Amino acid sequence: MSLDSSDFPAPAGSAWPVSVVARGWRSVALTRVASLALFAAVAVWIVLAFRDYGISNDEPVQHTYGQLLIAWYASGFTDDRAFHYINLYLYGGLFDLIAAGLEPYVPLPLYEWRHLLSAGFGFAGLIGAWRLARLLGGEKAGIAAALLLAFTGMYGGAMFTHTKDVPFAAAMVWSLYFITACAVQLPAPPRWRSVLGLGVSIGCAFGLRVGGVFAVLYLLLTLGAATLLLRDIRLPLRVLPRLVAAGLVALAVMAASWPWSMLPPTNLFKAMGAFNNFAFDLTTLFNGKAVPIDQIPPTYMSEYLFIKLPEVTLLGLAAALAMALVALVRLVREHRASRTAFVHPRRILGYLPLLFAVAVPVVFTLLDDPPLYNGIRHFLFVLPPVTILAVLGLQAAWRALWRRSRVVGGGFAAAALALFLVNAAGFLRLHPYEYVGYNQLVGGTAGASGRFEGDYWSTSLREAALALRQGLERDGRSGRHYKVSVCAEDVQASTYLGPNFDMVEEWDDADFLLTSRNIGCDAAPGLPYATVSRMGVPLASVMDMRMHRAPVEVPLPPGSDGLDLNAPAVSLKDAGPLVAKAKP
């Protein structure tokens, strides 16, 4: 089923090559093959790439939370440590339960398994975006939406390491799909398959984060709009039994994956209140300033959204707005605006959930001004609907331009394709730190460096640790023991260093210091040993601390009474990534 009613127009009287291309473009079989090929390629990419990603700051405590939830079930509901563990009881444990529960049976290191599982959730989110875009704009729109979302750094790159945010986004896009599927079936009661899918997806969203309430809000707004558009005041009562059934399914999923929320049920509202006023001693980088998270401007999320989205997505959003305005002006001129809403209610109802999913979170942050940090991480679930809306805008603009002029339409398509390819090239160059990418509104990733959030998860410490280990092995010094300090979580480096490295807390006791460049340790003493960078932007550093020990006096050679002032100058400026290697 699709709400799309038009496709690529075959030019009348065209030559046979153009005719063949047009028939191929309209072929349902070829389009489905393209869909399958896309998802096969993404699956292969996940399998090949999941080992490349480092451990994020929160993963150790998140995995512990999952283990404590399993302990609660295993103890017969008596071991309630999970309900008092830091502040993680305020979150659902769906992902962490699965990760911890299956860990003993998966032949992978712990964090590689978590990254593969997280990417699996992200893959499911891509399928959900494909299904929703296919429903609204046809299968080609679905392919474009999945492809563009996969190459969006804050989704396709984040889906390996953002082990709460990406699974939540996946659950939300599936919730949006089932809300839309139910809406287009009105005024008839939604089919039970859609009802069950709605309950499971919303339950999974709540089982990850209390932000699942947004999905409930989209559903209620859509139902209210349907009541008005269909002029059926009894509609809510008629669909209420099936919505109650969906609600019971959602509650069951939520209770299983987030038991604290139901013990008692009022805990759910406590969690909502906690996140609405969530603040602690933390600053976030915003336009070159370190701002306390309780003092960020209301536009924080909106601005980050505009500078993190790929340029082709921004073009699609602009096209969607332009096409909507053109259609509205045409309807007003023809005095058909009010009549259209009642003549084509299913089409309007089909698009409303998507519009709510884009507008409501943005308006919420502008009005409520919640404490935020890490860019758009907490609102990453907005990316799938934004991407789908952008694809629909590109599709509508291309069709309108093509009907007027094949040259203009072809030029628009070529421009969109060129922007996508530029974005894809940048995405690949940043691997495996795709999520730190920015668009050209701020000068790209290089222009955003030092002004906006970078590698806030410190996942680049994996590559820094490997650079240190491999550098010492090349120097033939791998048999010695070294002390290493980390300006982050020790496990983010120790996992990759090996047995000849001992972790210490104090920098003064360390031989080497590993630090992410995003967390305020740039002024650490020591000589640069290695730097992890992408596209000219440093992400992590290894500092050699051994030169800061007690100095050793070495006498000058006999007969030397001073320095040779004619000796050539030595500079470390162009020494490359291994800037200096101090000898012990």
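In what follows, the structure referred to is the one given above.
All values derive from a computational prediction rather than experimental measurement.

1. A short note on the overall build of the protein
And step 1. Within the protein, the regular secondary structure consists of 21 helices and seven strands.
And step 2. Across the 584 residues in the protein, those meeting the buried criterion constitute 50%.
And step 3. If you take every contact in the protein between residues at least 6 apart in sequence, the share linking residues at least 24 apart comes to 73%.
And step 4. Accessible area of the protein: about 26,900 Å², with a carbon and sulfur share of 65%.

2. Overview of the packing of helix 8 (residues 165-183) against helix 9 (residues 192-206)
And step 1. At a minimum axis separation of 8 Å, helix 8 and helix 9 run at an interaxial angle of 155 degrees. Considering the angle they form, helix 8 stands roughly antiparallel to helix 9. Seen from above, helix 8 lies across helix 9 with left-handed handedness. Within the contact between the two elements, helix 8 uses Phe 168, Ala 171, Met 172, Trp 174, Ser 175, Phe 178, Ile 179, Ala 181 and Cys 182 and helix 9 uses Arg 193, Ser 194, Gly 197, Leu 198, Ser 201, Ile 202, Cys 204 and Ala 205.
And step 2. Tallied by class, residues from the contact of helix 8 with helix 9 come to twelve nonpolar, four polar and one charged.

3. Regarding empty space enclosed by the protein
And step 1. Throughout the structure, instances matching the rule amount to four cavities of 30 Å³ or more.
And step 2. Roughly 100 Å³ of volume is contained in the largest cavity.
And step 3. In this structure, the largest cavity is lined by Ile 179, Cys 182, Ala 183, Leu 186, Pro 190, Leu 198, Leu 219, Thr 222, Leu 223, Val 239 and Leu 243.
And step 4. Those elements that place two or more of their residues in the lining of the largest cavity are helix 8, helix 10 (213-229) and helix 11 (235-257).
And step 5. Looking at the lining of the largest cavity residue by residue, the classes come out as ten nonpolar, one polar and no charged.

4. A look at a nonpolar patch on the surface
And step 1. On the surface, a nonpolar cluster with roughly 480 Å² of combined accessible area is contributed by Leu 237, Leu 240, Val 244, Leu 248 and Leu 251.
And step 2. In this structure, Leu 240 sits in helix 11.
And step 3. Leu 240 gets classed as partly exposed once you look at its relative accessible area, which sits at 41%.

5. So, the packing of aromatic side chains
And step 1. In the structure shown here, the tally under the stated rule is 33 aromatic pairs.
And step 2. Measuring from centroid to centroid gives 5.1 Å for Tyr 177 and Phe 178, while their planes differ by 70 degrees, and the two rings are edge-to-face.
And step 3. Judged by relative accessible area, which is 10%, Tyr 177 ranks as buried.
And step 4. The exposure class of Phe 178 is buried, given its relative accessible area of 15%.
And step 5. Cluster of aromatic residues (ring-pair linked, three or more members): Phe 168, Phe 214, Tyr 218, Phe 364, Phe 379 and Phe 381.
And step 6. Note that Arg 462 overlies the ring of Tyr 496, its terminal NZ or CZ placed 5.6 Å from the centroid.

6. Observations regarding the environment of Met 272
And step 1. Inspection of the secondary structure puts Met 272 in helix 12 (residues 267-276).
And step 2. Overall, the relative accessible area of 27% leaves Met 272 in the partly exposed class.
And step 3. For the pair formed by Met 272 and Leu 90, sequence separation is 182 residues and the distance between their alpha carbons is 8.7 Å.
And step 4. Beyond its immediate chain neighbours, meaning those up to four positions away, Met 272 contacts Val 210 and Val 213.

7. As for helix 12
And step 1. Those residues of helix 12 that fall on the buried side of the exposure criterion are Asn 267, Leu 268, Ala 271 and Phe 275. Within helix 12, the buried residues cover an arc of 110 degrees as seen down the axis, which keeps them to one side. For helix 12, the exposed residues set more than 90 degrees away from the buried face come down to Phe 269 and Lys 270.
And step 2. Of the surrounding secondary structure, the elements contacted by the buried residues of helix 12 are helix 9 and helix 11.

8. Side note on the sheet that holds strand 6 (residues 527-534)
And step 1. Sheet architecture is open: five strands sit in the order 4-3-5-7-6, paired in mixed fashion. Only two strands of the sheet have a single neighbouring strand rather than two, namely strand 4 (501-503) and strand 6. If you compare each strand with its neighbour and ignore which way they point, the axes differ by 25 degrees on average.
And step 2. Here strand 5 (residues 512-516) pairs with strand 7 (residues 537-544) via five bridges, running antiparallel. Among the inter-strand pairings, Ser 516 is bridged to a residue of strand 7, identified as Ala 540.

9. Re the nonpolar core
If you look at soluble globular proteins, the nonpolar side chains tend to sit buried side by side.
And step 1. By size, the foremost hydrophobic cluster in this structure holds 159 residues, and its most contacted members are Tyr 155, Tyr 218, Phe 381, Leu 383, Leu 468 and Leu 514.
And step 2. Not counting residues up to four positions away in its chain, the partners in contact with Tyr 155 are Phe 121, Gly 122, Gly 125, Leu 126, Leu 149, Val 166, Ala 169, Ala 170, Leu 380, Leu 383 and Pro 384.

10. Digging into the side chain of Thr 163
And step 1. By the element assignment, Thr 163 lies in the loop between helix 7 (153-157) and helix 8.
And step 2. Within the structure, the side chain of Thr 163 is placed 2.8 Å from the side chain of Gln 62, a separation counted as a polar contact.
And step 3. A polar contact is formed between the side chain of Thr 163 and the side chain of Arg 114, at a distance of 3.2 Å.
And step 4. Discounting residues that sit within four places of it in the chain, Thr 163 has contacts with Glu 59, Gln 62, Phe 95, Arg 114 and Ser 118.

11. Observations regarding the environment of Leu 527
And step 1. Along the polypeptide, Leu 527 turns up in strand 6.
And step 2. When its relative accessible area of 31% is taken as the criterion, Leu 527 is described as partly exposed.
And step 3. Sequence spacing of Leu 527 and Leu 513 is 14 residues, and the spatial spacing of their C-alpha atoms is 9.9 Å.

12. Concerning the packing of helix 9 against helix 10
And step 1. Two elements in contact, helix 9 and helix 10, have axes separated by 8 Å at closest approach and are oriented at 145 degrees. Of the residues in helix 10, those touching helix 9 at Leu 198, Ile 202 and Phe 206 are Val 213, Ala 215, Val 216 and Leu 219.
And step 2. When its residues are assigned to classes, the contact of helix 9 with helix 10 shows seven nonpolar, no polar and no charged.

Quick notes on the rules
- Residues numbered from 1 in each chain as written.
- Predicted model: local features only at pLDDT ≥ 70, side-chain atom pairs only at ≥ 80, totals over all residues.
- Heavy atoms only, no water.
- Helix = DSSP H or I, 4+ residues; strand = E, 2+ residues; numbered from the N terminus.
- Buried < 20%, exposed > 50% of the residue type's maximum accessible area, 1.4 Å probe, protein only.
- Contact = heavy atoms within 4.5 Å.
- Areas by Shrake-Rupley, 256 points an atom, 1.4 Å probe, with all protein chains shown as cover.
- Axes fitted to C-alpha atoms, helices over the stretch in contact; angles between N-to-C directions.
- Parallel < 35°, antiparallel > 145°, perpendicular 65-115°, else oblique.
- Left-handed = near helix turned anticlockwise from the far one by under 90°.
- Nonpolar A, V, L, I, M, F, W, Y, C, P; charged D, E, K, R; others polar.
- 1 Å grid on protein atoms, 1.4 Å probe; cavity = no way out; pocket = protein on both sides within 12 Å on 5 of 7 lines; lining within 4 Å.
- Points joined across faces, edges and corners; volume = space filled by probe spheres on them.
- Patch = residues over 30% accessible without salt bridge, like charges linked within 9 Å, V, L, I, M, F, W, Y side chains within 5 Å.
- Salt bridge = Lys/Arg side-chain N within 4 Å of Asp/Glu carboxyl O.
- Phe/Tyr/Trp six-rings, centres within 6.5 Å; stacked < 30°, edge-to-face > 60°.
- Lys NZ or Arg CZ within 6 Å of the ring centre and 35° of its normal.
- Arc of directions from axis to C-beta.
- Pairing = 2+ DSSP bridges.
- Core = buried A, V, L, I, M, F, W, Y, C linked by side-chain atoms within 4.5 Å.
- Polar contact = N/O pair within 3.5 Å; in protein donor to acceptor, adjacent residues only side chain to side chain.

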